[in-house]
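Close look at the chain arrangement
Spelled out, the chains give:
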Amino acid sequence: MKLKLHFFISGALFLLCSPVFAQKLTGTVTSGGHPVSAGTVKVTPTGTGTITDGDGKYTLSLKAGSYQVSFSAIGLEKKTVTVAIAAGETKVLDMELASSAEGLKEVIVVGSRGVGRTKIESAVPVDVLKMNQVDAVTAKPDLMSQLNQTVPSFNYNKQSGGDGSDAIDFASLRGLGFDQTLVLINGKRRHLSAFVNEVGTRGRGNSGTDLNAIPEAAIDRIEILRDGASAQYGSDAIAGVINIVLKKDVNHLNINAGFSGYNDQKYNTLNNVDPSAYYTDKHFDGQTFTLGANYGLPLGKSGGFINVGANYFNQGKTFRAIPDTNWQTNPNAQPVARERRAFGDGSVVSGGGMYNLELPIKGTKTVFYSFGGYNYKHSNVYAYTRSWNYDNGLRQNPTKFPTDANGNLVFVPGIMKVQGVQDGTISANNVYYNPQEDVYIKDLSSAIGLRGTTASDWDWDISNNVGRNDFHYWGNKTFNASLPVVAGEPIQTRFDDGGFNFLQNTANADITKRFATVAQGLQLSFGAEFRYERYQLYAGELNSYVAGGATLPGGVAKASGSEGYPGYQPSDEVKDHRTNEAAYAEAALDVTDKWLIDGAARFEHYSDFGGVSTFKFATRYKLTDNFNLRGSASTGFRAPTLQQIDFSNTNTTVVGGNLEYTKLVPNYSDVAKTAGIPKLKQETSTNYSLGFAWQPVSDLTVTLDGYDIKIKNRIVISGLYNQGDETLGQPLNDLLLKQGISAAQFFANAVNTTNTGIDIVLDYKKHWGKNHFSALLAGNIQHLSINKINIPSTFKGSPADSATFFSDREQYFLKASAPTAKFNLNLEYGVSKFAIGGRLTYFGDVKELGFGETSAPDGVADPYFPYVTLDATGEKVKEIFDFKPKVTTDLYVSYKINKTVSWTAGVDNLFNVHPSTNVIKGSVNPNSSSSFGDSESGGPFEAVQMGFNGMRIFTKLAFHF
């Protein structure tokens, strides 16, 4: 691909280069130490001018005299100087242009394969975010959260209680899946994570790209294309494209340090009436320290450089719960959340760096380039709670605890906790523990390439890009209860649970040429791509999954495997690979000065499921000089990832004293084939968008874009099907019995959906004297509907089996991928060295379902919908958790202490707003305790809107040398 060739190009990119005359005034125009090509140089009073070449050089022939010479380029500040030229003199005038504060006129390169256009002239909606403007004025220390408050239709929230999903961060565009957005670095495809979301998470069945593995210190800007682009960029681009552009700066050292923490005085577990019922930390928790540094060096004498950015991130845990558990004195109280006594964010320590290098080859129009990096992350999260006493002593759970030969609890200090006993007396009825999951993620990438221009002005780019992600689980401070106790102690409390890795190697060849004499300009682009992918799932150590043989009195089996996350078994192991070949062509024609049309076609062939063709048509028409109408229609696809094809996992449970195994089976397995699950195939889409970009005054831009995205054969994870269910048929039941599987679930192309919505952006920036004011309103209104559920015939034997395949609960969960609406209003006023700003964020309504605590009432239309019984009346009601709309308020101040040091401080979520609680409201008693904790997270909240940690205070220092 040839996407980064013009990242710092600015100016009139649609003009032809002027002829070169005899030298009188000559020089080089740069920005950030790098050449500015296609910049404008204009001389008054003569009116003569020229544009800079690919190396930023210009030449003008002038008579002797004094002139005003203006230098300008799109995205850069205009600069005018006075120059006196003597007779016969050749004057050298080099000019450095600063980045423009007016981001409305930045050049973008996603959306079309050719030279960049400004945001308002693009045929498709694109957001351009300068990294130093995004991260400076928020307590949010990670890239995902920062984008979530700035970009319409970008959605992300940290999860809790989702195993590996707590340790990695994925995001979505326009309410679609994590793996339906393509991520590029400098225009080159970024590899996916090896992780695939399973149960207990948003985007279950999806993989994604971990943007937080890319150090913010290395990022110059982020371009987000909010439009289907499979025909241009390939699989994964159904929802759009995120292109991260790395810095090219040289001879400047930038250091950023930040500290933040949560001050939630309402839901912090330390505020509970009985803090011993929960894990606790500090009143000011989730303390986070960030450090970033960036420095660049020039290479050679032709504009080469190497820029290196690195980040360190250290975040503490948070613990949240409903503070009052006293029903007798408070009708809004809730019982102790026995399932989640350690609900909150896990701890994270990560660090990494990334380099960006370009080296022009002397005497040629060829540039060698390379970029890449490494990131390491260790996350420690809590799984669901294991409590010995459930239901106020009515039942106990010794199968998940170490016990002696008589079935008595073996108490382990440092792991187990005791509730409600002041003197620390240990009773089996007040003991609990939360298994911990240590996740280690290693991410490595490197790209190399050559680009240049032929004698006939064809631009070409050849590159190879490789990336690898490894995701490794360890169980910590936990037990395999089935292992025997030796000398009164469990034999092991830390387990290697295994993991998986994913490698992707992509080779590209791209060529582009602009024909200025065809209409008002024709640009042709062609390219080819070869991609190799490899996925491996590796087993954990024996004790992480083995059934050790220990039993309770009466021969009752103990739960096998490490509690919290049992290790992967040898039967889960897999190594798989595939290849992909692709070719594309794109043409962009300026039919007139007002009318642009853009068309693209792509063919891809996968070694494991065949070929697919996709197409795109986009157009933009200037109704007036400041009003552009734009729209697009495209087809798209997303190939099933190797993670979805090959992933499997085995879990254990004890039912009726017997140990049983449930398994997510791989799509190619005998069990899946016997169940009638078809081989996974590509998801396909049709995308339509229509909108406008309007600039009523020079300081204000308004864009509105509506979209309709229909997707067929979305890949999801089915419900669980039990061995012994006669309606499944004898062959499947026999195979499940033979393989020792009590219940199985599957990846399947199960759902057809339609996403409709509107993105709205109003951007105003004004500078006068030493003052500036900016206002940004970015909003999204969206709706997802499920058109069809593709149930295999094997599961149509009974209404219950059909309802299980993709249940009501899973349907609600898919629809809850994003709020029904999200609006961000960002305001800032500054004078001289001081600025103050604020942000209001509106999150729309989200609904999810509980698991269901009772059977449905007689005679209802859908008897498989989850219901719960109200405590006060005994009435059965639908278990729908309604997370009402919320608004959060952020404030900050910044001060430029001197030319080197800047300071910022502020508060996110000033009024400590949280999502609605996971509870069903009744007509008499306002709460139904039987529904509390029956949600996906098992805690008091779901991470559906602004997160659940409350007010966050921050301060940051920036040093520029």
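Residues numbered from 1 in each chain as written. Predicted model: local features only at pLDDT ≥ 70, side-chain atom pairs only at ≥ 80, totals over all residues. Heavy atoms only, no water.

**Description of the overall build of the chain**
Within the chain, the regular secondary structure consists of eight helices and 56 strands. Sorting the 961 residues of the chain into buried and exposed places 59% on the buried side. A fraction of 72% describes how many contacts in the chain between residues 6 or more apart in sequence connect residues 24 or more apart. (Helix = DSSP H or I, 4+ residues; strand = E, 2+ residues; numbered from the N terminus. Buried < 20%, exposed > 50% of the residue type's maximum accessible area, 1.4 Å probe, protein only. Contact = heavy atoms within 4.5 Å.)

**Some remarks on the pattern of salt bridges**
By the definition in use, this model includes 39 salt bridges. The salt bridge involving aspartate 708 is made with lysine 710; its shortest N-O contact spans 2.9 Å. Put simply, aspartate 890 and arginine 839 hold a salt bridge, and the shortest N to O gap is 2.8 Å. Residue aspartate 890 is located in strand S54 (residues 886-896), and its partner arginine 839 is located in strand S49 (residues 834-843); the two are separated by 51 residues in the primary sequence. Like aspartate 890, the residue arginine 839 is buried in the burial classification. Here the salt bridges do not stand alone but share partners, grouping Glu529, Arg531, Glu533, Arg578, Arg602, Glu604 and Asp608 into one network. (Salt bridge = Lys/Arg side-chain N within 4 Å of Asp/Glu carboxyl O.)

**Looking at the nonpolar core**
By size, the foremost hydrophobic cluster in this structure holds 31 residues, and its most contacted members are Leu147, Phe154, Leu211, Ile222, Ile224, Ile242 and Ile244. Looking at this core, the elements that each hand over two or more residues are helix H1 (131-134), helix H2 (143-148), strand S15 (181-185), strand S17 (219-225), strand S18 (240-246) and strand S44 (700-717). If we ignore the near neighbours within four places in the chain, the residues touching phenylalanine 154 are Met144, Leu147, Asn148, Ala171, Ser172, Leu173, Ile242 and Lys822. Formed by 27 residues, the second largest nonpolar core is a distinct cluster that contains Phe195, Val196, Tyr535 and Leu642. (Core = buried A, V, L, I, M, F, W, Y, C linked by side-chain atoms within 4.5 Å.)

**A few points about a nonpolar patch on the surface**
The grouping of Trp768, Tyr829, Val831, Phe834, Ile836, Tyr895, Ile897, Trp903 and Leu957 at the surface amounts to a nonpolar patch, some 770 Å² of accessible area in total. Looking at the nonpolar patch, the elements that each hand over two or more residues are strand S48 (821-831) and S49. Within the secondary structure layout, isoleucine 897 lies in the loop between S54 and strand S55 (901-908). Isoleucine 897 sits in the partly exposed class, given a relative accessible area of 40%. (Patch = residues over 30% accessible without salt bridge, like charges linked within 9 Å, V, L, I, M, F, W, Y side chains within 5 Å. Areas by Shrake-Rupley, 256 points an atom, 1.4 Å probe, with all protein chains shown as cover.)

**Quick word on a positive patch on the surface**
A contiguous patch of positive charge on the surface is contributed by Lys442, Arg468, Arg534 and Lys575. Assignment of secondary structure puts lysine 442 in strand S29 (residues 436-453). Note on lysine 442: relative accessible area 42%, which makes it partly exposed. (Lys, Arg positive; Asp, Glu negative; His and termini not counted. Charge placed at Lys NZ, Arg CZ, Asp CG, Glu CD.)

**Describing unusual backbone geometry**
Positive phi is not limited to glycine here, since asparagine 186 has a value of about 50°. Note that asparagine 186 resides in the loop between S15 and strand S16 (188-189). We classify asparagine 186 as buried; its relative accessible area is 1%. In this structure, lysine 477 is a non-glycine residue whose phi angle is positive, near 50°. One can find lysine 477 in the loop between strand S30 (459-476) and strand S31 (485-486).

**Examining empty space enclosed by the protein**
In the structure shown here, the tally under the stated rule is twelve cavities of 30 Å³ or more. Space inside the largest cavity adds up to approximately 430 Å³. For the lining of the largest cavity, the elements supplying multiple residues, two or more each, are S44 and helix H8 (808-815). Here the lining of the largest cavity is composed, by residue class, of 17 nonpolar, 13 polar and nine charged. (1 Å grid on protein atoms, 1.4 Å probe; cavity = no way out; pocket = protein on both sides within 12 Å on 5 of 7 lines; lining within 4 Å. Points joined across faces, edges and corners; volume = space filled by probe spheres on them. Nonpolar A, V, L, I, M, F, W, Y, C, P; charged D, E, K, R; others polar.)

**Quick word on helix H6 (residues 730-738)**
Residues Leu732, Asn733, Leu735 and Leu736 constitute the buried set of H6. What you see down the axis of H6 is that its buried residues fit within an arc of 165°, all on one side. Turned more than 90 degrees from where H6 packs its buried face, Gln730, Pro731, Leu737 and Lys738 sit exposed. Phi for glycine 740, located one or two positions after H6, is positive at around 70°. (Arc of directions from axis to C-beta.)

**Digging into the packing of aromatic side chains**
According to the stated counting rule, one finds 36 aromatic pairs in the structure shown. Members of the aromatic cluster, connected to one another through ring pairs, are Phe170, Phe178, Phe195, Phe471, Tyr473, Phe500, Tyr565, Tyr568 and Phe647. Lying over the aromatic face of tyrosine 279, lysine 417 brings its terminal NZ or CZ to 4.9 Å of the ring centre. One residue, lysine 878, lies across the ring of phenylalanine 865, its end atom 4.7 Å from the ring centre. (Phe/Tyr/Trp six-rings, centres within 6.5 Å; stacked < 30°, edge-to-face > 60°. Lys NZ or Arg CZ within 6 Å of the ring centre and 35° of its normal.)

**Examining the environment of threonine 403**
Mapped onto the elements, threonine 403 comes out in the loop between strand S26 (395-396) and strand S27 (417-418). Classification of threonine 403 by relative accessible area gives buried; the value is 8%. Taking the C-alpha atoms as reference points, threonine 403 and proline 484, 81 residues apart in sequence, are found 8.3 Å from one another. Other than its neighbours up to four places away in sequence, threonine 403 contacts Trp388, Pro398, Asn408, Leu409, Val410, Val485, Leu552 and Lys558. A polar atom in the side chain of threonine 403 sits 3.0 Å from the side chain of lysine 558. (Polar contact = N/O pair within 3.5 Å; in protein donor to acceptor, adjacent residues only side chain to side chain.)

**A short note on the sheet that holds S15**
Read across the open sheet, the five strands follow the order S12-S17-S18-S15-S16; overall the sheet is mixed. Looking along the sheet, the strands with just one partner apiece sit at the ends: strand S12 (126-130) and S16. Where S15 lies against S16, two bridges are found, and the strand directions are antiparallel. Of the residues in S16, the one forming a bridge with leucine 184 is arginine 189. (Pairing = 2+ DSSP bridges.)

**Thoughts on the sheet that holds strand S24 (residues 386-387)**
Reading across from one edge, S24-S28-S27 is the order of the three strands in this open sheet, with antiparallel pairing throughout. At either end of the open sheet lies a strand with only one pairing partner, and these are S24 and S27. With two bridges connecting them, S24 and strand S28 (residues 431-433) associate as antiparallel partners. Within S28, the residue paired with serine 387 across the bridge is tyrosine 432.

**Some words on the environment of tyrosine 661**
Within the secondary structure, tyrosine 661 sits in strand S42 (residues 658-665). Along the backbone, tyrosine 661 and serine 742 are 81 residues apart, and their C-alpha atoms lie at a distance of 5.2 Å. Excluding residues that lie within four positions of it along the chain, tyrosine 661 makes contacts with Ala547, Ser560, Gln569, Thr650, Asn651, Thr652, Gly740, Ile741, Ser742 and Ala743.

**Describing the side chain of glutamine 146**
Within the fold, glutamine 146 resides in helix H2. Classification of glutamine 146 by relative accessible area gives buried; the value is 1%. Residues contacting glutamine 146, with those up to four places away along its chain left out, are Met131, Val134, Asp135, Thr138, Lys140, Pro141 and Glu216.

**A word on the pairing of S30**
Summarising the sheet, S29 and S30 pair through 18 bridges and their orientation is antiparallel. Residue pairing in the sheet places threonine 453 in a bridge with aspartate 459 of S30. In this antiparallel pair of consecutive strands, S29 and S30, the connection spans five residues, and aspartate 457 shows a positive phi of 70°. Bridge analysis of S30 against strand S33 (residues 494-515) gives 18 bridges, and the strand direction is antiparallel. The residue bridging glycine 467 from the neighbouring strand is glutamine 504, located in S33.

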